[in-house]
Amino acid sequence: MLTDTDNRPPAMNRRKLITIAGLAALTALAACSTVSVPTGEGAGVSSSATGMLAGLRAAAGRGPLTPDTQLEQAALQQAGYMASRERMSHTTGWGKDFASRMKDNGVRGAAAENIAEGRFDQQKLFDIWMHSQGHRRNILDPDFGRFGLAYVRDGRDPNLRYWSLVLGR
């Protein structure tokens, strides 16, 4: 006569099964992780964009923007994040949205951000942004008086840059 306990696998087999299942789960998780590729050089380039922004804003009847180190730092952080992830995004993952980044960088008041990815120089960058309604609106917004511009090169392709322009009061 068999009892319920006779149908159960021995404890040793159960432990092996649990161990194998755990190892399989860890292997699956490890396969999902991404390989981190180092990014290339980055730079805050606000000073070189001052004249170009002044010309664009003057043509629209707006005053010039002043380069700002806090905004440039926030732009450089975002460009670096995008380069490390190889994708454009206004967030930095795990709840770090644009507003959180501005607060963390000591930026108070209204702010906006333009981002881009491409194999182009600063002149082409602003040409692209000025032909995009939302980006153009940010650049010409009369409420903004300061800006920070930065890029970080892609780690695999030095001609590919991730750009961020942060505008503030």
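The structure we're discussing is the one just above.
In this text, all values refer to a predicted model and were calculated from it rather than measured experimentally.

A.B. asks: When you look at the packing of aromatic side chains in this model, what are you seeing that I'm missing?
C.D. replies: Aromatic ring pairs are reported here in terms of the distance separating the ring centres and the angle at which the planes meet. Under the criterion given, the structure shown has two aromatic pairs. On the numbers, 5.5 Å between centres and 85° between planes, the contact of Phe126 with Trp129 is edge-to-face. Residue Phe126 and its partner Trp129 are both found in helix 6 (residues 122-130); the two are separated by three residues, about one turn of the helix. Side by side, Phe126 and Trp129 carry an identical accessibility label, which is buried. Judged by centre distance (5.2 Å) and plane angle (50°), the rings of Tyr151 and Trp163 are tilted.

A.B. asks: What am I meant to see in the side chain of Asp154 here?
C.D. replies: Residue placement: Asp154 occurs in the loop between strand 4 (146-153) and strand 5 (161-168). Despite its burial, Asp154 pairs with no opposite charge, the nearest such side chain being Arg156 at 5.8 Å. Separated by 2.7 Å, the side chain of Asp154 and the backbone nitrogen of Arg156 make a polar contact. There is a polar contact of 3.0 Å between the side chain of Asp154 and the backbone nitrogen of Asp157. The contacts of Asp154, once residues within four sequence positions are left out, are Gly40, Glu86, Leu160 and Tyr162.

The rules we used
Residues numbered from 1 in each chain as written. Predicted model: local features only at pLDDT ≥ 70, side-chain atom pairs only at ≥ 80, totals over all residues. Heavy atoms only, no water. Phe/Tyr/Trp six-rings, centres within 6.5 Å; stacked < 30°, edge-to-face > 60°. Helix = DSSP H or I, 4+ residues; strand = E, 2+ residues; numbered from the N terminus. Buried < 20%, exposed > 50% of the residue type's maximum accessible area, 1.4 Å probe, protein only. Lys, Arg positive; Asp, Glu negative; His and termini not counted. Salt bridge = Lys/Arg side-chain N within 4 Å of Asp/Glu carboxyl O. Polar contact = N/O pair within 3.5 Å; in protein donor to acceptor, adjacent residues only side chain to side chain. Contact = heavy atoms within 4.5 Å.

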